[in-house]
Amino acid sequence: MRFVRVLTFVLSVAGTAGAVVHCGLIAGEPAAPSAEGGADDGATLAALIADAGICASPSGIAVCGGPHHCFPDGGALCEECSLESSEMFTDAYSLGLCLTQKISGLPGECWDDCVYVQLIDPRVLASVPFEVGPLFAANGGGDRVRYADYSPWTGDALPPIPSCVIQGGAQGCGGSCPACAPDRTCTGRSPLHPIGLCVPTIGHGCSSKEACPSGQACFAWKTDADAQADVGFDYAFCLPTQECESAAKMPGGGYCTNPQP
């Protein structure tokens, strides 16, 4: 199945002032049902999360619908359900993500410590915080989740980074490793690839039918056979040839090719 790299939708949610960009999303605080606000807001939010049980993550990200019929009437943790914006998931056990002040869709690649989820359209992978992976899996949606290297969700946590150094010129990243250059994004970490890779934030992508500019080659993460076609077709990056060859030797491996149109 083909997955497109750029989201074709933007979910606009008010009240995100002061939030910080994380994992391709705006991460702020979910709304709490307090007319005046104040010191009890944190306790109220904690109580809401506890009451939600399997329907919410420890930080308050929540799902809607699914086999546990999460948030059928909405609420402070679920102001809007993504199922309301999609006709792609319509069976009785369809699972959606609650769109609150904490979640607002933005185009872009998955940053460090993220996963991809089929959110609005099965053909489109939305970048979301890593905690959405186990949340979706616990609610019957694990088959709609992929790690940042496009490998299928297994439920495994991200392993410790053995070293930030990749021999040969590619820049490893993630966790406490040095930040990528301003024009690079750290992505790709998964159980298969414990180290992330700094890739161009904006630049020339590549595929089996789209060549890289002169002096560059096409890098794709090595993953399982079922996902490899998607990676090679839709989620590869042009890197300087020496850097590409270095990245292919990183833990977990990758492919460095020079496709011709």
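Residues numbered from 1 in each chain as written. Predicted model: local features only at pLDDT ≥ 70, side-chain atom pairs only at ≥ 80, totals over all residues. Heavy atoms only, no water.

So, about the environment of S163. Position of S163 relative to the elements: it lies in the loop between β7 (145-147) and β8 (172-173). In this structure the C-alpha to C-alpha distance between S163 and C177, which are 14 residues apart in sequence, comes to 8.3 Å. In this structure the side chain of S163 is engaged in a polar contact, spanning 3.1 Å, whose partner is the backbone nitrogen of V165. (Helix = DSSP H or I, 4+ residues; strand = E, 2+ residues; numbered from the N terminus. Polar contact = N/O pair within 3.5 Å; in protein donor to acceptor, adjacent residues only side chain to side chain.)

Next up on the list: the sheet that holds strand β14 (residues 254-257). The antiparallel open sheet is built from four strands, whose spatial order is β11-β13-β12-β14. Two strands close off the open sheet at either side, each with one partner strand: β11 (205-206) and β14. Sheet analysis places strand β12 (residues 216-221) next to strand β13 (residues 236-240), joined by four bridges and oriented antiparallel. Across the sheet, the residue bridging to Q216 is P240, located in β13. (Pairing = 2+ DSSP bridges.)

With that settled, consider the sheet that holds strand β10 (residues 196-200). Taken in spatial order, the three strands make up an open sheet running β8-β10-β9, and their pairing is antiparallel. Looking at the sheet topology across the chains shown, the edges are occupied by β8 and β9 (184-187). Strand direction decides the pairing type here: β8 and β10, joined by two bridges, are antiparallel. Bridge pairing in β10 places G172 opposite L197.

Glancing now at the state of the cysteines. Working definition of a disulfide: a covalent bond connecting the sulfur atoms of two cysteines. Tallying each qualifying case throughout the model produces nine disulfides. C164 shares a disulfide with C177; S-S distance 2.0 Å. What sets the handedness of the C164 and C177 disulfide is the S-S torsion sign, and at about -90° it is left-handed. Taken together, the positions of C164 in the loop between β7 and β8 and C177 in the loop between β8 and β9 put the pair 13 residues apart, joining distant regions of the chain. Take C164: its relative accessible area is 29%, and that puts it in the partly exposed class. The disulfide that involves C212 links it to C238, with 2.2 Å between the sulfurs. Negative torsions about the S-S bond denote left-handed disulfides, and the value of about -95° found for C212 with C238 makes this one left-handed. Here C238 lies in strand β13 and C212 lies in the loop between β11 and β12, a separation of 26 residues in the sequence. (Disulfide = S-S within 2.5 Å. Buried < 20%, exposed > 50% of the residue type's maximum accessible area, 1.4 Å probe, protein only.)

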